[in-house]
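Per-entry structural report
One-letter residues, chain by chain:
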Amino acid sequence: MGNTVHPMHSSFVNADLVECFLRFLPDFQCLASTILTSKAIYNVFQQHPRSVVRSVAYNLIGPALPQALRFVRCKNAQLYYKPVDELLGEDDIQKNPVLSSEDITSLVGISTSVQELESLFSWRMKDRRFKTSQLSLAESTRFQKAMYRMSLFSAVYGCNAHESAIGSDSDQEEIDSALEEAKTLRKGFFGSLSTPELRDIQWVETFLRGVITRDYGVCFSTIPPEIYSPESSFVLYCAPHHVIDVYKRGLDCITEWDSDITEEILFYNDFIIEPLTSVLVDRTEQPLLPVTQKQPIIDEIVGEHDRCSQCRSDTVKCLDLWGPSNWGYLWGTPPLYSIEQLLKGHVGANLADRAHFLALLCETPAEDLVGGLFDYKTPAYSTWNKADWLCPQCLEKFVRDHLHIWYLGQKVKRGDVIPDNCWYGYNCRTQTHRLAHAQKLNHWCEPTRGDAPPTNV
Ligand SMILES: [Zn+2]
Ligand SMILES: [Zn+2]
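The structure presented is a predicted model; accordingly, all values stated were derived computationally and were not measured.

Our next topic: the coordination of the zinc ion (ligand 2). The protein atoms that coordinate the zinc ion (ligand 2) are Cys 422 (SG), Cys 428 (SG), His 437 (NE2) and His 443 (NE2), at distances spanning 2.1 to 2.3 Å. Bound by four donor atoms, the zinc ion (ligand 2) shows angles of 98 to 120 degrees at the metal and therefore tetrahedral coordination geometry.

Here it is in structure tokens:
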């Protein structure tokens, strides 16, 4: 039995079996802890370290491993502003199959972000019922390849590479010529990809911008907000996979951002979409994603024909319907201004309660707030249920009609004694400029006289 080894504390270990087991481990943490459990297992690993490491890398990343490895190697080698044919290729995994420890560390770092983004993408673009990825293997592979290719593009032509393109003392002529050069190189990069691959990138780019602009605040009529802003271009210019950090912690986590407009804006504005669409136009393709056709990457959208439970509108697509499983996406850091706008009348400017109302918004996650509104449902909404799927317009109407009642409920919960109602309720103007009046009467209620409808609807 040439393949049997004899560890100190067990009768025998079949080396082939152990090697096979090691190859099936899901990630490098498992591999490290497994090979340290016994000398025998460690010895088996030492006989085939490279192939075991490559198998575990494949288990971790999946079929997009060649694209992921190409990204980490080009980034670590700082191949800034090189023409696409001077970058390492997607076949580098065949040419240089041995993964260095630097390769592994970088792969682990980016794969975590890309997997988290995949879950977010699945939640927004495929199945709004689940926060974890429901993508098929083929969909997941297309998404991940697009993400790694965008990350590579950003690593070699983006923020970190900028200093290699122009020096700090460059004059206008040098800047103009560096910009032209950058445009040519960037277009060359996308020119090396097929049109379906470009469409995948275009769709992921749209998704990422939606995530970034979500941080500006919620505007119910335009969810998702797909705004082409300098900030969103800049995040993609720094690193597309950092969008997961923006999702979790807001735009402030992009520390490189400088709101003063410098000439660098010429280098990052429409960083991905401009050269990509330019290649599409050269190929006589539509520059924009055709909105009426099936979108790239996703083969099947779950609940594709679902309608708003209340208005049954057939113009709202199923992915823009909101219910308990996706309210959490509506906002992360509280969009104080835009939520405040939904308050009726002038109660948002109430001198006595405004600060507490805003503080409460800050500590109430979106799903708790929207879910909490249903606890204060008015008789006009008796047929509306918490589990309903609502279009943005119906959701906005529901929030408008219940936000002030919910807040009054929170005041009661914290033990406040609620004074008598002001006759003018939320429409009272005095509450906005006389503190004593704002404190003396309750304004989080319907008006019983005076101007009836609120002015901000
Ligand atoms: Zn509706
Ligand atoms: Zn009043």
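As a further point, take the domain arrangement of the protein chain. Split into domains, the protein chain comes out as domain 1 (4–53), domain 2 (62–282) and domain 3 (318–440). Just the C-alpha atoms count here: the centres of domain 2 and domain 3 sit 38 Å apart. Listed as interface residues are 20 residues of domain 2 and, on the opposing side, 24 residues of domain 3. Roughly 1900 Å² of surface becomes buried between domain 2 and domain 3 when both sides are summed, with 59% attributable to carbon and sulfur atoms. Counting every contact that joins domain 2 to domain 3 gives one salt bridge. Applying the counting rule to domain 2 against domain 3 returns seven residue pairs in polar contact (both at pLDDT 80 or more).

It is worth spelling out the coordination of the zinc ion (ligand 1) at this point. Binding of the zinc ion (ligand 1) to the protein goes through Cys 308 (SG), Cys 311 (SG), Cys 391 (SG) and Cys 394 (SG), at separations of 2.2 to 2.3 Å. Coordination at the zinc ion (ligand 1) is tetrahedral, judged from the four donor atoms that bind it and the angles of 105 to 115 degrees they form at the metal. Counting residues between consecutive donors of the zinc ion (ligand 1) along the chain gives the motif C-x2-C-x79-C-x2-C. Each member of the pair, Cys 391 as well as Cys 394, is classed as buried.

What follows is about the side chain of Glu 264. The topology assignment puts Glu 264 in the loop between α13 (243–249) and α14 (265–268). Notably, Glu 264 is buried but unbridged: the nearest opposite-charge side chain belongs to Arg 186, and the N-O separation is 7.9 Å. Leaving out residues up to four positions away in the same chain, Glu 264 has contacts with His 162 and Tyr 237.

Of the residues in the protein chain, 91% have a pLDDT of 70 or more, and the chain-wide mean is 89. Here residues 452–457 scores under 50 on pLDDT; set against residues more than four positions off or in separate chains, the count is 14 contacts.

Let us look at the packing of helix α11 (residues 195–213) against helix α12 (residues 230–238). The N-to-C vectors of α11 and α12 enclose an angle of 120 degrees; their axes lie 10 Å apart at closest approach. Considering their axes alone, α11 and α12 lie oblique with respect to each other. Judged by the sense of rotation from one axis to the other, the crossing of α11 with α12 is right-handed. Residue-level contacts link Glu 205, Leu 208, Arg 209 and Ile 212 of α11 to Ser 232, Ser 233, Val 235 and Leu 236 of α12.

Below, the discussion takes up the side chain of His 404. Here His 404 lies in helix α19 (residues 392–413). The exposure class of His 404 is buried, given its relative accessible area of 1%. Side-chain polar atoms of His 404 contact the side chain of Glu 446, separated by 3.4 Å. What His 404 contacts, discounting residues up to four positions off in sequence, is Leu 343, Lys 344, Tyr 426, Trp 444, Cys 445 and Glu 446.

If you look at the biggest cluster of nonpolar residues, it comprises 127 residues, and the most contacted ones within it are Leu 31, Phe 143, Phe 190 and Leu 403. Counting residues per element, this core draws most heavily on helix α8 (residues 137–157), at ten residues. With residues near it in sequence (within four places) discarded, Leu 403 still touches Ile 339, Leu 342, Leu 343, Phe 357, Leu 369 and Leu 373.

Bringing the pattern of salt bridges into the picture now. Scanning the model with the defined rule gives 23 salt bridges in all. The residue Asp 320 makes a salt bridge to Arg 124 at a minimum N-O spacing of 3.3 Å. Residue Asp 320 is located in the loop between α15 (273–282) and α16 (336–340), and its partner Arg 124 is located in helix α7 (residues 101–125); the two are separated by 196 residues in the primary sequence. In this pair, the class of Asp 320 matches that of Arg 124, namely buried. Residues Arg 249 and Asp 245 are paired through a salt bridge, measuring 4.0 Å at the closest nitrogen-oxygen approach. Of this pair, Arg 249 and Asp 245 both sit in helix α13, four residues apart, roughly one helical turn. One network of salt bridges, with partners in common, ties together Arg 70, Glu 90, Arg 149 and Glu 197.

Okay, the packing of aromatic side chains next. Applying the stated criterion to the full structure yields 25 aromatic pairs. Seen from their ring centres, Tyr 81 and Tyr 157 are 5.8 Å apart, and the 65 degrees between their planes marks the pair as edge-to-face. Within this pair, whereas Tyr 81 is found in the loop between α5 (65–76) and α6 (92–95), its partner Tyr 157 is found in helix α8, the two being separated by 76 residues in sequence. Taken as a pair, Tyr 81 and Tyr 157 share a single burial class, namely buried. With 5.3 Å between their ring centres and 50 degrees between their planes, Phe 153 and Phe 189 make a pair best called tilted. Taken together, the residues span a long stretch of sequence, with Phe 153 in helix α8 and Phe 189 in helix α10 (residues 172–191) at a distance of 36 residues. We note that Phe 153, like Phe 189, is buried. Among the aromatic residues, ring-to-ring pairing joins Tyr 81, Phe 153, Tyr 157, Phe 189, Phe 190, Phe 234, Tyr 237, Tyr 268 and Phe 271 into one connected group. For Arg 124, the ring lying beneath its charged end belongs to Tyr 329, and the centroid distance is 5.0 Å. In this arrangement the basic side chain of Arg 128 is found over the ring face of Trp 389, its NZ or CZ atom lying 3.9 Å from the centre.

This next bit is on helix α2 (residues 28–35). Along α2, the positions that sit buried rather than exposed are Phe 28, Leu 31, Thr 34 and Ile 35. For α2, the angular spread of buried residues about the axis comes to 125 degrees, placing them on one side. Among the structural elements, α1 (15–23), α3 (39–47), α4 (49–61) and α7 are those in contact with the buried residues of α2. Among the residues of α2, the N-terminal cap falls to Asp 27, whose side-chain oxygen and the backbone nitrogen of Gln 29 are separated by 3.1 Å.

Definitions and limits used
Residues numbered from 1 in each chain as written. Chains lettered and ligands numbered in written order. Predicted model: local features only at pLDDT ≥ 70, side-chain atom pairs only at ≥ 80, totals over all residues. Heavy atoms only, no water. Donors = N, O, S within 2.8 Å, 3.2 Å for Na, K, Ca; no water. Tetrahedral: all angles 85-135°; square planar, octahedral: opposite > 155°, others 65-115°. Domains from an automatic or database assignment. Contact = heavy atoms within 4.5 Å. Buried area = accessible area lost by both parts, 1.4 Å probe. Salt bridge = Lys/Arg side-chain N within 4 Å of Asp/Glu carboxyl O. Polar contact = N/O pair within 3.5 Å; in protein donor to acceptor, adjacent residues only side chain to side chain. Buried < 20%, exposed > 50% of the residue type's maximum accessible area, 1.4 Å probe, protein only. Helix = DSSP H or I, 4+ residues; strand = E, 2+ residues; numbered from the N terminus. Lys, Arg positive; Asp, Glu negative; His and termini not counted. pLDDT = per-residue confidence, 0-100. Axes fitted to C-alpha atoms, helices over the stretch in contact; angles between N-to-C directions. Parallel < 35°, antiparallel > 145°, perpendicular 65-115°, else oblique. Left-handed = near helix turned anticlockwise from the far one by under 90°. Core = buried A, V, L, I, M, F, W, Y, C linked by side-chain atoms within 4.5 Å. Phe/Tyr/Trp six-rings, centres within 6.5 Å; stacked < 30°, edge-to-face > 60°. Lys NZ or Arg CZ within 6 Å of the ring centre and 35° of its normal. Arc of directions from axis to C-beta.

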